[in-house]
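Chains, contacts and geometry: an overview
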Amino acid sequence: MRLDNSERLFARARRLIPGGVNSPVRSFGAVGGTPPFIVSGSGARVRDADGNEYLDFVGSWGPLVLGHAHPSVVEAVQRAAADGTSFGAPTERELELAELITRAMPSIEMLRLVNSGTEAAMSAIRIARAYTGRSKLIKFNGNYHGHADGLLVKAGSGAATYGVPTSAGVPLGYAAETLVAEYNDLPSVEALFDANVNQIAAVIVEPVAGNMGVVAPADGFLAGLHRLCDDNGALLIFDEVITGFRVAYGGAQERYRMRPDLTCLGKIIGGGLPVGAYGGRADVMQMAAPLGPAYQAGTLSGNPLATAAGIACLQELAKPGVYEALEALGAETEAGLRAAGDAVGVEVTVNRVGSALTAFFAGSPVTTWEEAASSDTGRYAAFFHGLLQRGVYVAPSQFEAAFVSLAHTSEGIAFAAEQAREAMASL
Ligand code: HOZ
């Protein structure tokens, strides 16, 4: 496989853009080599600047549940663009998208549209602090909630990939407001509440961890979190940027029958365009300006293109049978990866929730960040390149998820499983 054009583009990009990329994991730092520069995507496939084609399991890191360039989404964006790309004024589409979201997630009584998951998490936390009059926040080791100051503490995803769990440039005072518990470990949360009585505004959690690789919540973990929050006067925030409209139409909160106080959503509700949202209990959301004293604003919030794409995407996802199909395709992918490992005697632990999954190069179950972090990342890097050379594109980091879309087929998944077997055989 030749990457001559991508190499040239990467060299040019590195002169102007830190690491040549606009988001660290894309630089392939964790796996080595040159990232293919993508020129187009259609359905489950992407094509790079050298004409190589890949079966894509990154799906823009989750939002493309319908696959690339889905006709309904493309048409909605084209129509919206013809009517103007930004007004910085209210539009009916914002309302339509808000209605779709609140119908899907009954815990969201009111919401605000923003531009990214980072903004959503940052704003949800501000609202929680305004509502409770408290400043401290509990997050989980290996959970990622975007790159706002104070959230880059023991963050998973790119931060974990590059071994900088807590970013430079975050004032110590901000970081000190963030307390870190262990995912799937209620006693670690209880200990923090006990040590910080009446100081904790909120607990923020990825209900299914996706940014340390996929790790499902243990039985009773999410309900236990809500109980601890209620007992201690704190709010529970679900970061459903990855799981919302992915693991069920109503997200992880539907799948695990939860009703968080606040929810953060991201790219999926824009069909892959830049968008985010935070919402939840009306009494809490009324803290947001102009109703309340917590300020948050944005010219591009509720942008016409993003809302048009989001409405088209959610309408497709609301059709009967969608989540059954995703579940089945996810299960086939899981089975294929397990069979590949078994066939060649490579130990892999495959975690899956619906159509999101991770194959950890670990010989035992992965239920916590510690266990995820003990995976053999060198093996993952070799596996990654083995797949890429064979036309299968997965995340260039052990600590991310693979996503199956409705555009994937059983034949495609069988092909990917065969490539996985060959890639594992040559490890
Ligand atoms: N680590 C991010 C996803 N969990 C990467 C996002 C991106 O590079 O677009």
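Everything here concerns the structure above.
Residues numbered from 1 in each chain as written. Predicted model: local features only at pLDDT ≥ 70, side-chain atom pairs only at ≥ 80, totals over all residues. Heavy atoms only, no water.

Quick look at the sheet that holds strand β2 (residues 45–48) now. Strand pairs in the sheet, formed through backbone hydrogen bonds, run parallel or antiparallel to each other. The four strands lie next to each other as β1-β2-β3-β13, forming an open sheet whose pairing is mixed. At either margin of the open sheet sits one strand with a lone partner, and together these are β1 (38–42) and β13 (392–393). (Pairing = 2+ DSSP bridges. Helix = DSSP H or I, 4+ residues; strand = E, 2+ residues; numbered from the N terminus.)

With respect to the helices and strands, the residue Leu-3 is situated in the segment before α1 (4–16). Expressed as a C-alpha distance, the spacing of Leu-3 and Ser-167, which sit 164 residues apart in the sequence, is 32 Å. Discounting chain neighbours no more than four positions away, the residues touching Leu-3 are Thr-34, Pro-36, Asp-48, Asp-50, Asn-52 and Tyr-54. (Contact = heavy atoms within 4.5 Å.)

Taken as a whole and assessed by the stated rule, the structure comprises zero disulfides. The cysteine Cys-264 is free of any disulfide, with Cys-229 supplying the nearest cysteine sulfur at 13 Å. Looking at Cys-313, it has no disulfide partner, and the nearest cysteine sulfur is the one in Cys-264, 19 Å off. (Disulfide = S-S within 2.5 Å.)

What follows covers the pattern of salt bridges. The tally for this structure, following the rule as stated, stands at 15 salt bridges. One salt bridge connects Glu-418 with Arg-421, and the closest N-O pair in it is separated by 2.9 Å. Within this pair, Glu-418 and its partner Arg-421 are both found in helix α15 (residues 410–425), separated by three residues, close to a single helical turn. A relative accessible area of 30% means that Arg-421 is categorised as partly exposed. (Salt bridge = Lys/Arg side-chain N within 4 Å of Asp/Glu carboxyl O. Buried < 20%, exposed > 50% of the residue type's maximum accessible area, 1.4 Å probe, protein only.)

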